[in-house]
Amino acid sequence: MQISDSSVRPARFLAFALAVFIFACHFAHMKGLQWTGLVLALGGLAWLALRAGCAPWADFPRPVVLSGLAWLAWAALTLAWSAARASTLELVATDVLLPWLGLLCAYVVGRGGLTARLPVHAWAVATVGLAAITAVALSLDGHAWLASGDANQAVGGALMQFYPGPGLQTTFVVLGVPLLLAGRAAGWFPRPLALLLAALLVFCAFATANRMVVITLGVIGLLVLTCRALRAWRTGAGRRALVKPLAMMAGVLVLIVAGVVVTTVQRGAGDEAQPAPEVVAGAFGKDERLTMWRYWADVALQRPVFGHGYGKPAAVASHDRTHPLFASIRQPEITHPHNLLLSLWVQTGVIGVALFALFFACLFREGWRAQRRCPDGGVGLALMILPVAFLSKNLTDDFFDRIVCNLVFIYAGLLLGLAAWQARGRGVAQAGAGASSALRILILRRDNIGDLVVTLPMIRRLREHFPHAWIGALVTRYNAEVLHGSPDLDAVYHYTKAKHLAAGESAPAAMRARLALLWTLRRQRIDVVLLPVGGAQASARRMCWLIGAKRVVTRDEAGLPEPSGPHEAQRTARVLAALGVPESDLPAARIVPQAGLLAAARATLGTGPVLGLHISSRKPSQRWPAERFVALVQRLHAADPALRFALFWAPGASDNPLHPGDDAKAAQILAACAGVPLVAMPTDSLASLIAGLAACSRVLCSDGGHMHLAAALGKPLVSLFGKSEAARWHPWGVPYRLLQPASQDVTDVSVDEVMAALAELPGRS
């Protein structure tokens, strides 16, 4: 999603709401503030969607979308056979649907780049606050207070209102590591602050004396070092470069074992001092998880495929309290399996577990792809860590409801959005020319002729920067001839709009052809689609989604620099910043006329200097009267008998509601200029107009697509401007003289002014 200038306010509001929610989630008794933040976030998402005029998540990674929606649908479907339907319905809404919507909100915020800073900073502030609460609690009652939740002092009792408990606290710790990496990668945390936050996470982890968080942090370290080793291997750094990460991996394994021993001794230490080995052996001997897992596996096997219904209440309703294993458990009040995947198996069956695992696998895949695109970015690595850390932490517990599931999905959305933002802003630029040969870029331009022509300088600059990339263009049939033979494009695709259907063409046939074209483009595996147009572009985004583009960039994208000038060519080239291409000093446009038509036009016009006169214009304020053209031709011929003239116009009757033409005006001029070498050049096709203009030496015309065509053909010209923005739409890249009266009506331009302007132009011969 690209946040346009008109959507900055709702995007910032969305970021603020997510920041409120993330901050409040870290503290136990702030439920009202938590849900307020989530409701505000959803409201901000709706506001942004309405403001942008389209779904702001239109370019969301499809594998994540499909797997997430499949998991949502299956969880909702279990309502049909749930043993606790009311609870299942509530939990599907609060633990599946709302987190999924929260993920979309967070993706939009992360996709905007800088808007993600506020939620990430809110996480940092919450981490500091949680560490402070933990430190005060330790100073009051020690570790037993944290483990048991038994507060005996007034201050401790007050703190308990904000302390989430050891299980949730350690979950917050492992979920915070990816955000720390992403914030550091984005430059939002300077190195000292990042080290402080990392120290606070470690402190919060060890203060709970939780063994699994130590193992999870070790797994995160191993994943980071594995990525470093693979990167060294891919870059051909040699075996010596692998020694350091491998040695560090061995060190991490030692630290994991040491951490497990220390935390076990810390939790098992009582009044009697016992040797550490005996404490560790006793702790593992008393752990009933294996028994609970065997019991709950038997419960799951009662309905292994479909499960008993989503939600822990449905799982509790499936209890078999007469089971021998359940009777042997010393803590029968424990009513969940203490393993996330086993718990989901009981609730949703094998199908639910597979869909849940597929969703997290898709998250990991997106992180892997982002890491390969931008190895130094860090956001891709953070996205890989998130599912690994969450699943590792919950192998011996089941923290996936309400607060945690919302946080997991919101963090995933933020990281997915940041990965997309990083790829747009820095990934391609950092990849360099060596990787550009594999890059596949499509320019989508579906509007008028002049709009497409002013895009040509941007396309030319794009080709200069990525000489080996595949660059294609998708345009309408109406203006496709502009790109004929372009040396800057590898392929040109076109389709027919309904309003451009010719006689005998049917709308269903045009739609079938368009679908076939979209399928062809989908097989091209487009990396980037550039939309050099402002506004929401809802239909264009849908087309990009059907094409299967990995990224979509518009010129209104938030975070990109302002254009260096007011001209439309410079505004259009604003999209290049997302690919790391400088848009300053844009080259001139270039068009290649068809060789056969050009030869025919030159043969018709003869040798010598030719002045092209285009008399048609869509806007009434830019139509110079026929009498002025006659007077101009006669005076120029009298001054220079060798000068020849080419008269261009849009053929057709002026009262045609679909395609008004200037046949009558052209006939009037031709009749009044009898005896003058004035050649009629009705442009019944765009290709013939291009070829005719290419055969001229200079051109006189009003503002319009024909003016931009003449400029792209390198023709010096005089342009008559009526009610148009001259600074934005003047000819680009050629010598020109622009005549725009104060009245903004070209009928107020005199023949003398035009003759003076033509005299200042080069290119008589």
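Computed from a predicted model, the values in this text were never measured in an experiment.

Caption draft 1: Focus on the overall build of the chain. Helix and strand counts for the chain stand at 31 helices and 11 strands. Sorting the 765 residues of the chain into buried and exposed places 54% on the buried side. Accessible area of the chain: about 31,300 Å², with a carbon and sulfur share of 62%.

Caption draft 2: Inspection of helix α8 (residues 166-185) at higher detail. Between the first and last C-alpha of α8 there are 29 Å, a value that for 20 residues agrees with the 28 Å anticipated at 1.5 Å per step. When the local axis directions of α8 are compared, the greatest deviation, roughly 30°, occurs at Gly176, which is followed within four positions by the proline Pro178. Within α8, 16 of the 20 residues are buried, which leaves the element mostly enclosed by the surrounding structure. Positive phi appears at Gly187, one or two residues downstream of α8, with a value of about 80°.

Caption draft 3: Representation of a nonpolar patch on the surface. Taken together, the side chains of Val305, Phe306 and Ile351 make up a nonpolar region of the molecular surface, amounting to roughly 220 Å² of accessible area. Its location among the elements puts Ile351 in helix α16 (residues 340-373). Here Ile351 falls in the partly exposed class, since its relative accessible area comes to 31%.

Caption draft 4: View of the environment of Gly378. On the secondary structure map, Gly378 appears in the loop between α16 and α17 (379-393). Taking the C-alpha atoms as reference points, Gly378 and Leu180, 198 residues apart in sequence, are found 10.0 Å from one another.

Caption draft 5: Region of the structure containing the environment of Val746. Within the secondary structure, Val746 sits in the loop between β11 (736-739) and α31 (751-759). For Val746 and Trp624, which are 122 residues apart along the polypeptide, the C-alpha to C-alpha distance reads 5.8 Å. Contact partners of Val746, with chain neighbours within four places excluded, come to Ser621, Gln622, Arg623, Trp624, Arg628, Leu720, Phe721, Gly722 and Pro741.

Caption draft 6: Layout of the pattern of salt bridges. In this structure the tally under the stated criterion is 10 salt bridges. Of the charged contacts in the structure, one is a salt bridge between Glu366 and Arg365, with a shortest N-O distance of 3.4 Å. Given a relative accessible area of 39%, Arg365 falls into the partly exposed group.

Caption draft 7: Geometry of the nonpolar core. Among the nonpolar cores identified, the biggest contains 91 residues, and Phe60, Trp123, Tyr310, Phe390 and Tyr411 are the most heavily contacted of them. Top contributing element to this core by residue count: helix α18 (residues 403-431), with 16 residues. Counting 62 residues, the second-largest nonpolar core is a separate cluster that includes Leu452, Ala589, Ile690 and Ala710.

Caption draft 8: The arrangement of the sheet that holds strand β9 (residues 698-702) in detail. Spatially, β8-β7-β6-β9-β10-β11 is the arrangement adopted by the 6 strands of the open sheet, whose pairing is parallel. Edge positions in the sheet fall to β8 (678-682) and β11, since each of these pairs with one other strand and no more. Within this sheet the neighbouring strands show an average axis-to-axis angle of 15°, counted without direction. Bridge count for β9 against strand β10 (residues 717-720) is 4 bridges, and the pairing is parallel.

Caption draft 9: Local environment of the packing of aromatic side chains. Going through the model one piece at a time under the given rule, you end up with 13 aromatic pairs. Ring plane angle 50° and centroid distance 4.7 Å describe the contact between Phe356 and Phe360, whose orientation is recorded as tilted. One end of the pair, Phe356, and the other, Phe360, are both in helix α16, 4 residues apart, so they sit about a helical turn from each other. Of the two residues, Phe356 and Phe360, neither departs from the other in class, the shared state being buried. Ring geometry for Phe360 versus Phe390: centroids 5.8 Å apart, planes at 15°, classification stacked.

Caption draft 10: Representation of the sheet that holds strand β1 (residues 440-444) in the model. In space, the 5 strands of this open sheet follow the order β3-β2-β1-β4-β5, with parallel pairing throughout. Each edge of the open sheet carries a strand with a single partner, namely β3 (491-495) and β5 (551-554). When strand polarity is set aside, the average angle formed by the axes of neighbouring strands in this sheet is 20°. Where helix α23 (residues 538-547) meets the sheet, its contacts fall on β1, β2 (470-476), β3, β4 (528-531) and β5, and the angle it forms with β1 comes to roughly 150°.

Caption draft 11: Region of interest: the packing of α8 against α17. Contact geometry of α8 with α17 gives a least axis separation of 8 Å together with a crossing angle of 170°. Looking at the two axes, α8 sits roughly antiparallel to α17. Where α8 abuts α17, its residues Gly167, Thr170, Thr171, Val174, Leu175, Pro178, Leu181, Ala182 and Ala185 lie against Val379, Ala382, Ile385, Leu386, Ala389, Phe390 and Lys393.

Caption draft 12: Broad picture of the pairing of β5. Of the two faces of β5, the one holding Arg551 and Val553 and the one holding Val552 and Thr554 are both buried throughout. The pairing of β4 with β5 spans 4 bridges and is parallel. Residue Leu531 lies in a different strand from β5, and its bridge partner there is Thr554.

Caption draft 13: Examining helix α4 (residues 85-111) more closely. Between its first and last C-alpha, α4 extends 37 Å over 27 residues, near the 39 Å set by a 1.5 Å rise per residue. The sharpest bend along α4 reaches about 30° and sits at Val92. The buried fraction of α4 is high, at 19 of 27 residues.

Caption draft 14: The pairing of β3, seen in detail. By the alternation rule, side chains of β3 split into Ala491, Tyr493 and Tyr495, which are all buried, and Val492 and His494, of which none is buried. With 5 bridges connecting them, β2 and β3 associate as parallel partners. Across the sheet, the residue bridging to Gly472 is Ala491, located in β3.

Caption draft 15: Highlighting unusual backbone geometry. Within the chain, Arg525 stands out as a residue other than glycine whose phi angle is a positive 55°. Note on Arg525: relative accessible area 64%, which makes it exposed. Positive phi, normally seen in glycine, also occurs at Gln744, with a value near 55°. Within the secondary structure, Gln744 is located in the loop between β11 and α31. Owing to a relative accessible area of 34%, Gln744 belongs among the partly exposed residues under this scheme.

Caption draft 16: Quick look at the side chain of Thr78. Counting through the fold element by element, Thr78 comes out in the loop between α3 (62-77) and α4. The buried category is assigned to Thr78, whose relative accessible area is 0%. Not counting residues within four places of it along the chain, the set of residues in contact with Thr78 comprises Thr88, Phe306, Gly309, Tyr310, Gln347 and Thr348.

Caption draft 17: Representation of the environment of Thr520 in the model. Of note, Thr520 is situated in helix α22 (residues 507-523). By relative accessible area, Thr520 is classed as partly exposed at 37%. Residues Thr520 and Ile547, 27 residues apart in the sequence, show an inter-C-alpha distance of 8.4 Å.

Caption draft 18: Looking closely at the confidence of the model for the chain. For the chain, per-residue confidence averages 79 on the pLDDT scale, and residues scoring 70 or more make up 76% of the total. Of the regions scoring below 50 in pLDDT, residues 278-285 engages in 12 contacts with residues more than four places distant in sequence or in other chains. With pLDDT under 50 throughout, residues 426-437 is counted as low confidence; its partners more than four residues away or in other chains account for 19 contacts.

Rules used throughout
Residues numbered from 1 in each chain as written. Predicted model: local features only at pLDDT ≥ 70, side-chain atom pairs only at ≥ 80, totals over all residues. Heavy atoms only, no water. Helix = DSSP H or I, 4+ residues; strand = E, 2+ residues; numbered from the N terminus. Buried < 20%, exposed > 50% of the residue type's maximum accessible area, 1.4 Å probe, protein only. Areas by Shrake-Rupley, 256 points an atom, 1.4 Å probe, with all protein chains shown as cover. Expected span 1.5 Å × (residues − 1). Bend = angle between axes of the 7 residues up to and from the residue. Patch = residues over 30% accessible without salt bridge, like charges linked within 9 Å, V, L, I, M, F, W, Y side chains within 5 Å. Salt bridge = Lys/Arg side-chain N within 4 Å of Asp/Glu carboxyl O. Contact = heavy atoms within 4.5 Å. Core = buried A, V, L, I, M, F, W, Y, C linked by side-chain atoms within 4.5 Å. Pairing = 2+ DSSP bridges. Axes fitted to C-alpha atoms, helices over the stretch in contact; angles between N-to-C directions. Phe/Tyr/Trp six-rings, centres within 6.5 Å; stacked < 30°, edge-to-face > 60°. Parallel < 35°, antiparallel > 145°, perpendicular 65-115°, else oblique. pLDDT = per-residue confidence, 0-100.

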